[in-house]
Amino acid sequence: SNYMGFGTGIVPDQCGFTLQNRGGGFTVDQGPDHPNVIEPHKRPYHTIQPGMLTHSDTNELYATISNMGGFMQPQGHMQLTIALACGLDPQAAVDLPRFCITDGTYNGAAMIEKGVGKEVEDDLLSMGHNMVTGISGYGRSLFGKAQIIKRYRETGVLWAGSDGRSDGCAMGY
């Protein structure tokens, strides 16, 4: 898969694809002690990171979660997990407005999706957070593309939710 839309932006001669740039999060400029220095057996931060939640008493499957999108992946997983733990169904959890602390290109700002309450934004500002609020439209792609499949332990019924921020869908058979 490609990171940042079109990967490296390099298309090999007479080929119809771009070269990937999954190593883009590594550094060679900040010294050998930097946590993101290139070395054997390391993986880039932006690896696809699906998650699986289990019941604590039996380790049975509770849900699978996914939130593709580079630096948003672990942040999205946390937000989806909390939403499920608060009792939301999979689609409602996926539809909630999200936040993303970006990779440093916005001076450490927390990006806040349109729909987060003004009271929450005001509280965060009063605590000194640097934020960009009201992100909507195409800018919402920053928040990734989430999917959840929840399994009811009593019946085995699967209930899914898929992100309207992208072109996926939940289907069953």
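No experiment lies behind these values; they were computed from the predicted model shown.

## Side note on the sheet that holds strand E5 (residues 131-135)
Part 1 of the reasoning: In spatial order, the strands read E3-E4-E5; together these 3 strands make up an open sheet with mixed pairing. For this open sheet the edge positions go to strand E3 (99-101) and E5, each flanked by a neighbour on one side alone. Averaged over all adjacent pairs, the angle separating strand axes in this sheet is 15 degrees, with direction ignored.
Part 2 of the reasoning: Judged from the 3 bridges that link them, E3 and strand E4 (residues 110-113) form a sheet pairing that is antiparallel. Along E4, the bridge assignment pairs Ile101 with Ala110.
Part 3 of the reasoning: Relative to E5, helix H3 (residues 118-126) is tilted by about 170 degrees, and along the sheet it contacts E4 and E5.

## Some words on the pattern of salt bridges
Part 1 of the reasoning: Across all of its chains, the model carries 7 salt bridges by this definition.
Part 2 of the reasoning: Here Arg140 makes a salt bridge to Glu113, at a shortest N to O gap of 2.6 Å. One end of the pair, Arg140, is in the loop between E5 and strand E6 (145-151); the other, Glu113, is in strand E4, and 27 residues separate them in sequence.
Part 3 of the reasoning: With a relative accessible area of 2%, Glu113 lands in the buried category.

## Here's the deal with the environment of Gly139
Part 1 of the reasoning: Topologically, Gly139 is positioned in the loop between E5 and E6.
Part 2 of the reasoning: Along the backbone, Gly139 and Glu113 are 26 residues apart, and their C-alpha atoms lie at a distance of 8.8 Å.

## Examining the layout of surface pockets
Part 1 of the reasoning: Taken as a whole, the second largest pocket spans an internal volume of roughly 370 Å³.
Part 2 of the reasoning: Every residue lining the second largest pocket is counted, 19 residues in all, and those nearest its centre are Gln79, Pro97, Arg98, Phe99 and Val116.
Part 3 of the reasoning: Contributing elements (two or more residues each) for the lining of the second largest pocket: helix H1 (72-85), E3, E4 and H3.
Part 4 of the reasoning: At 4 residues, H1 tops the list of elements feeding residues into the lining of the second largest pocket.

## Considering the nonpolar core
Across soluble globular proteins, nonpolar side chains have a tendency to be buried as a group.
Part 1 of the reasoning: Counting residues in each nonpolar core, the largest one holds 11 residues, listed as Leu53, Tyr62, Ala63, Ile65, Leu80, Ala83, Leu84, Ala93, Val94, Ala146 and Ile148.
Part 2 of the reasoning: Elements with a contribution of two residues or more to this core: strand E2 (61-68), H1, helix H2 (90-95) and E6.
Part 3 of the reasoning: Other than its neighbours up to four places away in sequence, Tyr62 contacts Leu53, Thr54, His55, Leu84, Ile149, Lys150 and Arg151.
Part 4 of the reasoning: Core analysis: the second largest hydrophobic core is formed by 6 residues, Cys100, Ala109, Met111 and Phe143 among them.

Conventions we followed
- Residues numbered from 1 in each chain as written.
- Predicted model: local features only at pLDDT ≥ 70, side-chain atom pairs only at ≥ 80, totals over all residues.
- Heavy atoms only, no water.
- Pairing = 2+ DSSP bridges.
- Helix = DSSP H or I, 4+ residues; strand = E, 2+ residues; numbered from the N terminus.
- Axes fitted to C-alpha atoms, helices over the stretch in contact; angles between N-to-C directions.
- Contact = heavy atoms within 4.5 Å.
- Salt bridge = Lys/Arg side-chain N within 4 Å of Asp/Glu carboxyl O.
- Buried < 20%, exposed > 50% of the residue type's maximum accessible area, 1.4 Å probe, protein only.
- 1 Å grid on protein atoms, 1.4 Å probe; cavity = no way out; pocket = protein on both sides within 12 Å on 5 of 7 lines; lining within 4 Å.
- Points joined across faces, edges and corners; volume = space filled by probe spheres on them.
- Core = buried A, V, L, I, M, F, W, Y, C linked by side-chain atoms within 4.5 Å.

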